[in-house]
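Each chain, written out:
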Amino acid sequence: MITCFGAGGIISLLDETEEELKVYALQQLDALVDQFWAEIADAVSKIEELYENEDFRQRELAALVASKVYYHLGDYEDSLQFALGAGKLLDLGAKSEYVETVISKCIDKYIALRTAPEAPPVDSHLESVVERMFQRCFEDGEYKQAIGIALESQRLDVVEESISRASKVDQDILSYVMESAMTLVESVEFRNKLLRSLVKLYNNLKEPDYFSVAQCLVHLNDPTACSEMLKSLLSSGEDSKLIAYQVAFDLEENATQQFLARVKAGLPAADTDAMETDDMPSDAAAFNQIRNILGGELSIKLNLEFLHRNNHADILILKSSKTALESRNSVFHTAVTFANAFMHAGTTSDEFLRQNLEWLSRATNWTKFSATAALGVIHKGQISLGKALLAPYLPKDGVSGSAYSEGGALFALGLIHANHGDAVIEHLTTALKTHQNEVIQHGACLGLGVAAMATDNDDLYETIKNVLFADSAVAGEAAGLAMGLVMLGTSSSKAIDEMLQYAHDTQHEKIIRGLAVGISMIMYGREETADALIEQLLSDKDPILRYGGIYTIAMAYAGTGNNKALKKLLHFAVSDVNDDVRRAAVTSIGFLLFKNHKQVPRIVQLLSESYNPHVRYGATLALGISCAGTGLEDALAILEPLTKDPVDYVRQGALISLAMVLVQHNEAMSPRVVATRKLYEKLISEKHEDAMSKFGAVLGQGIIDAGGRNVTISLQSRSGYANMSAIVGTAIFCQFWYWYPLTHFLSLAFTPTAIIALNGKLEIPKLEYVSNARSSLFAYHPPTKPPAVETVQKVTTAVLSTTAKAQARARRHEKEKGGKETPATGGPPNSATSLTVTDVMDVDVPLATPTTEAKQKKTKKKDESFEVLQNLTRVLPQQLKYITFKDEDRYQPVKKVRLKVDGVRNGED
């Protein structure tokens, strides 16, 4: 073996005139460059000259050596340029740091060039290296790696080729591409092209995946194609009809009111005379069923039935809180009102209110408004009975009542018909036009906003705008929010310009704030389309409009995890001069990352320790929003210390967020639940605790037991897509910082947790399925035990031994005469001195032995490893992976992925 002590001799060969010597020198340097790169670096200019000499036949070799030298020098840009010049001499299959670094830099540059706004031409050498990388991925079977690079570089042709090759070995590749498209692709234009391609691929499968096609069409905003697909399925046989029903349930869950209205408009005209047969519905009746599903009536009815039947709300908690808090304090009265509304959301149970009418009558002004609006949360979904339930409180012509009660009733009517408001929009619009009282207008605007969410109704928008232009602070704030909700997600430039102009003209901060949040709603889900507006708002001098710009980022990029948006939020969280803007920026991180909630604790860890209490408060809400219902331990570890924060509103935020994270959790799922509930009780009963902390504790009690312990807070549907009404509701709920009545909007994020199975006639069959987990793991939290009544025990009377002997002789004497035994009079019958062995023997009651009692206790504690559940019972999201249907059952799911409402295929008897 020859030992080399330097590269000087070989470098000198580069100065020779003969080309063979230069080639030999380059070959040797290529082998030695990793060891003697520092020495070779002095002669790199000579190597570059050889590469630039077009007559030199080994230019590629010179480029490769120069690239390696620059790599060791840390100049990766020049290294990449020369590596591209090396052509095929660059061995992409080599396992070395140099090759991996060059490939990485090469891909990064290729992606940057492909996604640049001006789209400059890509160097042919760079294109060649990337193409070779794709071929290498195909040869090695690394199809997902190829798809990842293709998605980032917007190469639709490579994505399609990868799917074509991979589908032979991986049946789930389309699902992977679909998920990647929705989470990784930032360009809306390219994503839409990709989704169009996926629609074709899904339809060309041996068994077309209509459920995924429907999801693609929702994102493409193509209701016409959805209508055609439903018509095709309904005319293709009985099994296809069941698939059509399930597709309709999916659309109802994920699409807007405007989209669903257009889908229904594309179906054949309704036939009221259509009749169902015993086996399956006729085509006309099936179309009527589809309309019923798309309208939401059936889903709402099923959820109402589930929530009412399984209500486990613990009224004793509310009673204890009501007793501990001073009812004359409007903040405490409002807190208990909200807690009761959340705890009974959708259950239709107003038992607590009926039992405490005298307490309820103490509500005044806006407390009365919130108390009346709470009926809308409790009866949410009672579409057919909404007006009848609220009739005593709604405004009546010629009858003057409490404006606060009437305004709250109009808001409640909107909450009952949330996102399904066709039946009440006209009624609410009439009330808005005919009443000039600002409180009634406030309630009517909020009700219209909730009921007509995302309808893009221009007439309704104009009606609400007239209220805004009256320049009433109270009514104007609600009008600004309502305008945003009606135009939700439309990115209407007309609406944005008008609202922004009025925000600059008015002097009322409440109106500016309502408009700022309303503008953010208009840009919901628009991503990069909203960038220009975001920049305009964030550069405004008015901090309230900058606050609106922050929420525009949150709404436009909700659930995307977009890095650019996240950087902007973090920048404003630490740099803006206004505390409200900083607080909103940290809170908005939760909206951005709720699909990747495990990242949030790491991101807000340092922010939760900030010197600024507003930033700490924002960190609590960010964790509560993103980790809602997950019980994530990392989030709880940050929130628990903040419940002891020296600032009262930070403690309030921590208490509310703890409830959001732990909703529907029991001690088996999260041991911190018990301590959290005890903390709420302790703070509420503590006389010297701040009012804001108590408000947070009471609200936390309502949230952690929301919907009778049968709902969770979820910003995404079970199919993994953003839940529009939940995101919007949570964003407006965050505005309770300024205006307590907006707290009710959190009810829009409540999602019932049940498997509801329907047969072919859309009826609820008797069905059993198995949860393969021990029953205690997902059981309801045990109800609160009433306080034990302390009984005063009598002190045992002392009895002399001579007296006891005399009494015993008297009893024996009476017994011998055949008389009945008389009780002792000198002491209590249970005292040890008043009983003898003879007395015990005469008792005709078998005594339980310690062994028997132990056996009974052991039997009670036995926990089955599985449980059989009935249809229409609670199944938690964490429990879904343990659910199986019995193979021998008459019914089997149409769709294997478990959604909110699973259709089931009608089997043989």
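Remember, predicted model here, so these are calculated numbers, not experimental data.

Overview of the overall build of the chain
- Counting its regular elements, the chain contains 45 helices and nine strands.
- Put simply, of all contacts in the chain between residues at least 6 apart along the chain, 71% involve residues at least 24 apart.
- Per element, the accessible surface of the chain, about 41600 Å² overall, is 51% carbon and sulfur.

Regarding the environment of Asn 563
- When you line up the elements, Asn 563 lands in helix H33 (residues 563–575).
- With a relative accessible area of 48%, Asn 563 lands in the partly exposed category.

Brief notes about the sheet that holds strand E5 (residues 867–870)
- One open sheet holds the three strands; their spatial order is E5-E4-E7, and the pairing between them is antiparallel. The sheet terminates laterally at E5 and strand E7 (883–885), the two strands that pair on one side only. When the angles between neighbouring strand axes are averaged without regard to direction, this sheet yields 35°.
- Pairing of strand E4 (residues 768–771) with E7 involves three bridges; the strand directions are antiparallel. Bridging from a neighbouring strand, Val 770 pairs with Thr 884 of E7.

Focus: the nonpolar core
- Leu 198, Leu 251, Ile 464 and Phe 591 are the most contacted members of the largest nonpolar core, which totals 285 residues.
- Looking at this core element by element, the count peaks at ten residues for helix H38 (residues 648–662).
- In this view, Phe 591 contacts Tyr 551, Ala 554, Met 555, Ala 558, Gly 559, Ile 625, Leu 715, Ile 727, Thr 730, Ala 731 and Cys 734; residues no more than four positions away in its chain are not counted.
- Counting ten residues, the second-largest nonpolar core is a separate cluster that includes Ala 757, Leu 767, Tyr 769 and Ile 883.

What to know about the side chain of Arg 874
- Positionally, Arg 874 belongs in strand E6 (residues 873–874).
- For Arg 874, which is buried and forms no salt bridge, the nearest opposite charge comes from Asp 705, at a distance of 8.0 Å.
- Within polar-contact distance, the side chain of Arg 874 engages the backbone oxygen of Arg 709 at 2.9 Å.
- In this structure the side chain of Arg 874 is engaged in a polar contact, spanning 3.0 Å, whose partner is the backbone oxygen of Phe 778.
- Setting aside residues up to four positions removed in sequence, Arg 874 forms contacts with Phe 306, Gln 664, Arg 709, Asn 710, Thr 753, Phe 778, Ala 779, Tyr 780, Leu 869 and Gln 879.

As for the packing of helix H7 (residues 124–140) against helix H9 (residues 156–166)
- One can describe the packing of H7 onto H9 by two numbers: an axis separation of 11 Å at closest approach and a directional angle of 15°. One element, H7, and the other, H9, form an angle in the roughly parallel class. The two elements H7 and H9 cross, and the hand of that crossing is right-handed. From H7, Phe 134, Gln 135 and Phe 138 reach across to H9, where they touch Val 158, Glu 161, Ser 162 and Arg 165.
- Per-class residue counts for the contact of H7 with H9 are three nonpolar, two polar and two charged.

Description of the environment of Asp 645
- Mapping Asp 645 onto the fold places it in the loop between helix H37 (633–642) and H38.
- In this structure the C-alpha to C-alpha distance between Asp 645 and Arg 616, which are 29 residues apart in sequence, comes to 9.4 Å.
- Discounting residues that sit within four places of it in the chain, Asp 645 has contacts with Arg 616, Val 650 and Arg 651.
- In terms of polar contacts, Asp 645 uses its side chain to reach the backbone amide nitrogen of Val 647, at 2.9 Å.

Here we look at unusual backbone geometry
- Positive phi outside glycine occurs at Ser 491, with the angle close to 55°.
- For Ser 491, the location among the structural elements is in the loop between helix H28 (473–486) and helix H29 (493–505).
- The phi dihedral of Arg 709 falls on the positive side, at around 65°, and the residue is not glycine.
- On the secondary structure map, Arg 709 appears in helix H41 (residues 706–709).
- When its relative accessible area of 4% is taken as the criterion, Arg 709 is described as buried.

Brief notes about the packing of helix H26 (residues 438–451) against H28
- Orientation of H26 relative to H28, taken along the N-to-C sense of each, is 10°, at an axis distance of 8 Å. The angle between H26 and H28 falls in the class roughly parallel. For the pair H26 and H28, the contacting residues are Glu 438, Gln 441, His 442, Cys 445, Leu 446, Leu 448, Gly 449 and Val 450 in the first and Val 474, Ala 475, Glu 477, Ala 478, Ala 479, Leu 481, Ala 482, Leu 485 and Val 486 in the second.
- A breakdown of the residues in the contact of H26 with H28 according to their chemical character gives twelve nonpolar, three polar and two charged.

With respect to the environment of His 308
- Along the chain, His 308 falls in helix H17 (residues 297–309).
- Linking His 308 and Gly 707, residues 399 residues apart in sequence, is a C-alpha distance of 9.2 Å.
- Looking at His 308, its side chain comes within polar contact range of the main-chain oxygen of Thr 347, at 3.3 Å.

Regarding the pattern of salt bridges
- All chains considered together, the criterion is met by 31 salt bridges.
- The closest approach of N and O atoms between Arg 309 and Glu 305, which form a salt bridge, is 2.8 Å. Of the two residues, Arg 309 and Glu 305 both sit in helix H17, four residues apart, roughly one turn of that helix.
- Judged by its relative accessible area of 33%, Glu 305 is partly exposed.
- It is possible to trace a salt-bridge network through shared partners that takes in Glu 127, Glu 131, Arg 155 and Asp 157.

Notes on helix H3 (residues 44–52)
- Looking at H3, one finds that the buried residues are Val 44, Ile 47, Glu 48, Leu 50 and Tyr 51. Across the axial projection of H3, the buried residues extend over an arc of 155°, all falling on one side. When the buried face of H3 is taken as reference, the exposed residues oriented beyond 90 degrees from it are Glu 49 and Glu 52.

Looking at H38
- The first and last C-alpha atoms of H38 sit 21 Å apart over 15 residues, in line with the 21 Å expected at 1.5 Å per residue.
- For H38, the buried fraction is high: 14 of the 15 residues fall into the buried class.

Focus: a negative patch on the surface
- Residues Asp 108, Glu 152, Glu 186, Glu 189 and Glu 528 make up a contiguous surface patch of negative charge.
- When you line up the elements, Asp 108 lands in helix H6 (residues 97–115).

With respect to the confidence of the model for the chain
- Mean pLDDT for the chain: 84, with 89% of residues reaching 70 or above.
- Considering only residues more than four positions removed or in separate chains, one finds that residues 897–909, a stretch of pLDDT under 50, has 55 contacts.

The rules behind the values
Residues numbered from 1 in each chain as written. Predicted model: local features only at pLDDT ≥ 70, side-chain atom pairs only at ≥ 80, totals over all residues. Heavy atoms only, no water. Helix = DSSP H or I, 4+ residues; strand = E, 2+ residues; numbered from the N terminus. Contact = heavy atoms within 4.5 Å. Areas by Shrake-Rupley, 256 points an atom, 1.4 Å probe, with all protein chains shown as cover. Buried < 20%, exposed > 50% of the residue type's maximum accessible area, 1.4 Å probe, protein only. Pairing = 2+ DSSP bridges. Axes fitted to C-alpha atoms, helices over the stretch in contact; angles between N-to-C directions. Core = buried A, V, L, I, M, F, W, Y, C linked by side-chain atoms within 4.5 Å. Lys, Arg positive; Asp, Glu negative; His and termini not counted. Salt bridge = Lys/Arg side-chain N within 4 Å of Asp/Glu carboxyl O. Polar contact = N/O pair within 3.5 Å; in protein donor to acceptor, adjacent residues only side chain to side chain. Parallel < 35°, antiparallel > 145°, perpendicular 65-115°, else oblique. Left-handed = near helix turned anticlockwise from the far one by under 90°. Nonpolar A, V, L, I, M, F, W, Y, C, P; charged D, E, K, R; others polar. Arc of directions from axis to C-beta. Expected span 1.5 Å × (residues − 1). Patch = residues over 30% accessible without salt bridge, like charges linked within 9 Å, V, L, I, M, F, W, Y side chains within 5 Å. Charge placed at Lys NZ, Arg CZ, Asp CG, Glu CD. pLDDT = per-residue confidence, 0-100.

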